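An overview of the molecular structure
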Amino acid sequence: MAEYIDKERLISYRNEIDEVDNQLVELLGKRMEIAAKIAGYKKDSGMPVFDAARERDKLNKVSSLAAEEMSGYTRQMYSLLFELSRDYQNKLLGQKSDLYDRITSAIESTPSLFPEKAHVACQGTEGANSMTAAEKLFKSPDIEYVKTFEDVIRAVENGYVKYGVLPIENSTAGSVTAVYKLLEKYNVYVVRSVRCKIEHSLLANPGTKLEDIKEIISHEQAINQCSKFIEKLPGVKVTYAANTAVAARLVHESGRHDIAAISSRSCAGLYNLESLARNIQNSDNNYTRFLCVSKNIEIYPGADKTSLMLVTSNSPGALYKVLSRFFALGINLTELISRPIEGSDFEFRFFMDFDTSVYSESFASLMQSLSDSCEEFKYLGSYREMI
């Protein structure tokens, strides 16, 4: 009997909430009607849709009207409401930002098929993982090997090559910090990305035994990815190389039998080395994501992933205001990485990846309004990711 009474009470409470929700829906409609009138006035008066001072004052007022325990909730709700209202006004006015115009132009001018052949820059030497990524991106890549990641981007910016291939993150070792820094510094655009499974082997000159090894050479990330295997070899010196293929080449050129490289099996054949141990990475689920970048914006059919870089004001709720737009538009944010801004105390630059088609209304709304909430905003490209 008591259980039945409790259930009846719950139903009564839910009915009360339903009544309040009905009122809220009706009031939201009325508020949007007024917002539409304000949009028309702003258009006639040449005023921008976004009025930061008005929104700030309004947030302070509504939060002060609420009971103390509801103040924070009220502020959050109205922040989201302002985002929706602003998006609705922009949509009614048909306003487009310069960035969105550039994106639209790129969609229209980009060929319908991703190229099969291209002149491509990769860091390292023959056998590098970037080579594997380039061969997965293009059927017949003409690969130009350069010394550093920065050389890759410079080659693209200078027009020496059409595309550059760069590693951006690994599933076990994390982000490639140097590449994120370069994306801050240079103006290149992501046109495609690809995930490559990474399998590491310990390679040495013919006749070398595992117990002979006194030094292991490889790229820092490869060393980190194989840390558990290296721990089983006490006393072995670790030396960093530009990448895993360079490490294999150095071992070959040394002619020594006390040194080995952590590299791919394909490098064994390229540099006449033998494999002392295979699949020595910590995890079998070891993937590296590579970006393909170009000098100009290219958006190929099927592009459903976008990358951005932005800086918000160093104030409470600044990042929330940006993130709330993704929520309001139903866009899935798949990556959020913060990088400290050099020369600033506790200020950060954010890199974001999100999933939505470049043809969707939500994408258009986001691209046309997001920069309003940012001190810096940089579009890094829209593309499809190959797996």
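Just so you know, these numbers come straight off a predicted model, no measurement behind them.

Considering the overall build of the chain
Counting its secondary structure elements, the chain contains 13 helices and 15 strands. Taking 21 Å as the expected radius of gyration for a compact globule of 387 residues, we find that the chain reaches 27 Å, considerably beyond that expectation. Its C-alpha atoms give the chain principal-axis dimensions of about 80 × 65 × 40 Å. Within the chain, the proportion of its 387 residues that are buried is 45%. Taking as baseline every contact in the chain between residues at least 6 positions apart, the subset at least 24 positions apart corresponds to 75%.

Some thoughts on the packing of aromatic side chains
Scanning all chains against the criterion turns up nine aromatic pairs. Measuring from centroid to centroid gives 5.4 Å for F138 and Y163, while their planes differ by 35 degrees, and the two rings are tilted. Taken together, the residues span a long stretch of sequence, with F138 in the loop between α5 (129-137) and β2 (140-146) and Y163 in strand β3 (residues 163-170) at a distance of 25 residues. Accessibility classification places F138 together with Y163 in one group, the buried group. Joined through ring pairs, the aromatic side chains of F114, F138, Y163 and Y300 make up one cluster. Lying across the ring of F114, R192 places its NZ or CZ 4.3 Å from the centre.

Here's the deal with the sheet that holds strand β10 (residues 274-277)
The strand order across the open sheet formed by five strands is β8-β7-β9-β6-β10, and the pairing between neighbours is mixed. Since the sheet does not close on itself, it has two edges, and those belong to β8 (237-240) and β10, each with one partner. The average angle at which neighbouring strand axes cross in this sheet is 35 degrees, direction not considered. In this sheet, β10 lies alongside strand β6 (residues 201-204) in antiparallel orientation, the contact comprising three bridges. Bridging from a neighbouring strand, L202 pairs with A277 of β10.

A closer look at the packing of helix α6 (residues 149-157) against helix α7 (residues 177-185)
For the pair α6 and α7, the least separation of the axes is 10 Å and the interaxial angle reads 30 degrees. Compared by their axis directions, α6 and α7 come out roughly parallel. Between α6 and α7 the crossing geometry is right-handed. Residues F149, E150 and I153 of α6 pack against A178, V179, L182 and K185 of α7. A breakdown of the residues in the contact of α6 with α7 according to their chemical character gives five nonpolar, no polar and two charged.

Structural notes on unusual backbone geometry
Although it is not a glycine, N272 adopts a positive phi angle of roughly 55 degrees. If you trace the backbone, N272 turns up in the loop between α11 (265-270) and β10. A positive phi angle is found at N279, which is not glycine, with a value near 50 degrees.

Let's talk about the pattern of salt bridges
Under the counting rule described, the total for this entry stands at 20 salt bridges. Between R289 and E169 there is a salt bridge; the shortest N-O distance is 3.4 Å. In this pair, R289 sits in strand β11 (residues 287-294) while E169 sits in strand β3, placing the two residues 120 residues apart along the sequence. Among the residues examined, R289 registers a relative accessible area of 2% and is labelled buried. In this structure, R195 and E385 form a salt bridge, with 2.6 Å as the shortest nitrogen-oxygen distance. Note that R195 is positioned in strand β5 (residues 189-197) and E385 in strand β15 (residues 376-386), a separation of 190 residues in sequence. What you see here is one network of salt bridges that share partners, running through E169, R195, R289, D353 and E385.

A short note on the nonpolar core
Nonpolar side chains in soluble globular proteins generally cluster together in the buried interior. Counting residues in each nonpolar core, the largest one holds 25 residues, and the members touching the most others are L166, V293 and F351. Secondary-structure elements contributing two or more residues to this core are α6, β3, α7, β11 and β15. The dominant element in this core, judged by the number of residues it contributes, is α6, at five residues. Among all residues touching F351, those that are not within four sequence positions of it are Y180, L183, E184, L308, M309, E335, L336, I337, R339 and L380. Counting 24 residues, the second largest nonpolar core, distinct from the first, contains Y189, F350, M367 and Y379.

A look at a negative patch on the surface
On the surface, E16, D18, E19 and D21 cluster together into a negatively charged patch. Within the fold, E19 resides in helix α1 (residues 2-45).

Some details on the packing of helix α2 (residues 52-65) against helix α3 (residues 71-93)
Two elements in contact, α2 and α3, have axes separated by 9 Å at closest approach and are oriented at 145 degrees. Judged by the sense of rotation from one axis to the other, the crossing of α2 with α3 is right-handed. Across from E55, K58, L59, N60, V62 and S63 in α2, the residues of α3 making contact are S71, T74, R75, Y78, S79, F82 and R86. Each residue belonging to the contact of α2 with α3 can be placed in one class, and the counts come to four nonpolar, five polar and four charged.

Remarks on the environment of Y189
Mapped onto the elements of the fold, Y189 is located in strand β5. Along the primary structure Y189 and V246 are separated by 57 residues, whereas in three dimensions their C-alpha atoms are 27 Å apart. In this structure Y189 touches R102, C292, V293, S294, K295, N296, I297, Y379 and L380, once residues within four positions along its chain are discounted. Polar side-chain contacts of Y189 include one of 2.9 Å to the side chain of R102.

Some thoughts on helix α12 (residues 318-329)
An α-helical turn contains 3.6 residues, so a residue and the one three or four places further along point in the same direction. Turning to α12, its buried residues number three or more, namely A318, V322, S324, R325 and F326. Looking at the packing, one finds that the buried side of α12 touches α3, β12 (305-311), β13 (332-340), β14 (348-355) and α13 (361-369).

How each quantity is defined
Residues numbered from 1 in each chain as written. Predicted model: local features only at pLDDT ≥ 70, side-chain atom pairs only at ≥ 80, totals over all residues. Heavy atoms only, no water. Helix = DSSP H or I, 4+ residues; strand = E, 2+ residues; numbered from the N terminus. Rg over C-alpha atoms; globule rule 2.2 N^0.38 Å. Buried < 20%, exposed > 50% of the residue type's maximum accessible area, 1.4 Å probe, protein only. Contact = heavy atoms within 4.5 Å. Phe/Tyr/Trp six-rings, centres within 6.5 Å; stacked < 30°, edge-to-face > 60°. Lys NZ or Arg CZ within 6 Å of the ring centre and 35° of its normal. Pairing = 2+ DSSP bridges. Axes fitted to C-alpha atoms, helices over the stretch in contact; angles between N-to-C directions. Parallel < 35°, antiparallel > 145°, perpendicular 65-115°, else oblique. Left-handed = near helix turned anticlockwise from the far one by under 90°. Nonpolar A, V, L, I, M, F, W, Y, C, P; charged D, E, K, R; others polar. Salt bridge = Lys/Arg side-chain N within 4 Å of Asp/Glu carboxyl O. Core = buried A, V, L, I, M, F, W, Y, C linked by side-chain atoms within 4.5 Å. Patch = residues over 30% accessible without salt bridge, like charges linked within 9 Å, V, L, I, M, F, W, Y side chains within 5 Å. Areas by Shrake-Rupley, 256 points an atom, 1.4 Å probe, with all protein chains shown as cover. Lys, Arg positive; Asp, Glu negative; His and termini not counted. Charge placed at Lys NZ, Arg CZ, Asp CG, Glu CD. Polar contact = N/O pair within 3.5 Å; in protein donor to acceptor, adjacent residues only side chain to side chain.

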